[in-house]
Amino acid sequence: MSTIFTNNKQIGAVSTFSELVHTDFKGEMNALCWCRNLEGDFKEIVTQLQLKDNITEISPEDLLALNLSERGNLAREIILNDLQFLSDFGASPSLNLLKCYERDEEFDFISTDVYSYHVDRSPIATDTFLCTYHGAASDIIANEQVEQKILIPEIREKLMELHNGPEADFESFLKENFFDLHYQAKPDSNPVNLGIGHLWRLAVDHPEQKVLPCVHRAPVENEGEYRLLLIC
């Protein structure tokens, strides 16, 4: 087992895909990492792919059509294997070439885009899987190091003004607009960067979940550099 993240109570480190999907979250642990030092030239793949929008989904056929060097081909095989692992497990992985996500600029007092610390929610038991092969990588943060934005008095007051309806409907309003999913880091917090090449499984808020959902955020992209990200 890798020791990269083993000193962090939030993170469990595993050494195989089977361990990644079959290890239970428990206690404070709501993130699992299949820690890997990947060989191959992932930048070569990014350089050859065509970005059609700010986010372009890349199919296995798109990858197979690339004319790659030996190290580029090694990187391609790793990605294809990861996609197959997850598909065989029953997940629906997506490989994205990404310039940037859409920013939420509707309100000046609260942000609900993926650059904000947030948790994922699902009506059914599921997990979030992700791996950054190239470019800036996401962050996670311990639940005790963040505060739910809707509980911050000045933000809550403005949300109540925005709601402008019966008080009994306020909590439903917050959920329907996903305000309750977003968090603000406390002073002196210590986020963990997920790094390049590691395949992660993050706990999601769902009815059967036994741990707190994993708080995470997308990174601000490096200037002039696309991200290559597997997510599901």
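Placed above this text is the structure.
Residues numbered from 1 in each chain as written. Predicted model: local features only at pLDDT ≥ 70, side-chain atom pairs only at ≥ 80, totals over all residues. Heavy atoms only, no water.

Caption draft 1: Focus on the pairing of strand 3 (residues 55-58). Only one face of strand 3 is covered, namely the face carrying Thr-56 and Ile-58; the face carrying Ile-55 and Glu-57 is uncovered. Pairing of strand 3 with strand 4 (residues 94-98) involves four bridges; the strand directions are antiparallel. In the sheet register, Thr-56 faces strand 4, and the bridge partner there is Leu-97. (Buried < 20%, exposed > 50% of the residue type's maximum accessible area, 1.4 Å probe, protein only. Helix = DSSP H or I, 4+ residues; strand = E, 2+ residues; numbered from the N terminus. Pairing = 2+ DSSP bridges.)

Caption draft 2: Geometry of a negative patch on the surface. Residues Glu-147, Glu-154, Glu-157 and Glu-161 make up a contiguous surface patch of negative charge. In terms of residue count, helix 5 (residues 153-163) provides more of the negative patch than any other element does, three residues in total. (Patch = residues over 30% accessible without salt bridge, like charges linked within 9 Å, V, L, I, M, F, W, Y side chains within 5 Å. Areas by Shrake-Rupley, 256 points an atom, 1.4 Å probe, with all protein chains shown as cover. Salt bridge = Lys/Arg side-chain N within 4 Å of Asp/Glu carboxyl O. Lys, Arg positive; Asp, Glu negative; His and termini not counted. Charge placed at Lys NZ, Arg CZ, Asp CG, Glu CD.)

Caption draft 3: Seen up close, the sheet that holds strand 2 (residues 31-34). Pairing is mixed across the open sheet formed by seven strands, whose spatial order is 1-2-11-6-13-4-3. The two strands at the open ends of the sheet, each matched to only one other strand, are strand 1 (11-14) and strand 3. Neighbour-to-neighbour, the strand axes of this sheet turn through a mean angle of 25°, independent of strand direction. In terms of strand pairing, strand 2 meets strand 11 (residues 199-203) through four bridges, oriented antiparallel. What sits directly across from Leu-32, in strand 11, is Arg-201. (Axes fitted to C-alpha atoms, helices over the stretch in contact; angles between N-to-C directions.)

Caption draft 4: Geometry of the environment of Ala-91. Structurally, Ala-91 is set in the loop between helix 4 (70-89) and strand 4. Between the alpha carbons of Ala-91 and Thr-128 there is a distance of 9.5 Å; along the sequence they are 37 residues apart. Discounting chain neighbours no more than four positions away, the residues touching Ala-91 are Leu-86 and Cys-232. (Contact = heavy atoms within 4.5 Å.)

Caption draft 5: Local environment of the pairing of strand 4. Of all five residues that make up strand 4, five are buried, and the element is covered over most of its length. Here strand 4 shows two buried faces, one formed by Ser-94, Asn-96 and Leu-98 and the other by Leu-95 and Leu-97.

Caption draft 6: Fine view of the nonpolar core. Ile-45 and Ile-79 are the most contacted members of the largest nonpolar core, which has 32 residues in total. For this core, the secondary structure elements donating two or more residues are helix 1 (17-22), strand 2, helix 2 (42-48), helix 4, strand 4, strand 6 (127-134), strand 11 and strand 13 (227-231). Counting residues in hydrophobic clusters, the runner-up holds 17 residues, among them Cys-35, Leu-98, Ile-140 and Cys-214. (Core = buried A, V, L, I, M, F, W, Y, C linked by side-chain atoms within 4.5 Å.)

Caption draft 7: Main features of the side chain of His-206. Locating His-206 in the fold gives a position in the loop between strand 11 and strand 12 (215-217). The class of His-206 is buried, set by a relative accessible area of 10%.

Caption draft 8: Broad picture of helix 5. Looking only at helix 5, the buried set comprises Ile-155, Leu-159 and His-163. Across the axial projection of helix 5, the buried residues extend over an arc of 80°, all falling on one side. Within helix 5, the exposed residues directed more than 90 degrees away from the buried face are Pro-153, Glu-157 and Glu-161. Where helix 5 is buried, its residues contact helix 6 (170-176) and strand 9 (182-185). Among the residues trailing helix 5, Asn-164 stands out with phi positive, at a value near 50°. (Arc of directions from axis to C-beta.)

Caption draft 9: Focus on the packing of aromatic side chains. Following the criterion strictly, the structure yields eleven aromatic pairs and no others. Pairing Phe-42 with Tyr-133 gives two aromatic rings, centres 5.4 Å apart and planes at 10°, and the pair type is stacked. Residue Phe-42 is located in helix 2, and its partner Tyr-133 is located in strand 6; the two are separated by 91 residues in the primary sequence. Of the residues examined, Phe-42 reaches a relative accessible area of 7% and is grouped as buried. Ring centres 6.1 Å apart and planes at 75° place the aromatic pair Tyr-101 and Tyr-115 in the edge-to-face group. Taken together, the residues Tyr-101 in the loop between strand 4 and strand 5 (117-118) and Tyr-115 in the loop between strand 4 and strand 5 connect sequence positions 14 residues apart. On the accessibility criterion, Tyr-101 (18% relative accessible area) is buried. According to the relative accessible area criterion, Tyr-115 is buried, its value standing at 9%. Directly above the ring of Trp-34 sits Arg-36, whose terminal nitrogen or CZ lies 4.6 Å from the centroid. Geometry around Tyr-115 places Arg-103 over its ring, the cationic atom sitting 3.9 Å from the centre. (Phe/Tyr/Trp six-rings, centres within 6.5 Å; stacked < 30°, edge-to-face > 60°. Lys NZ or Arg CZ within 6 Å of the ring centre and 35° of its normal.)

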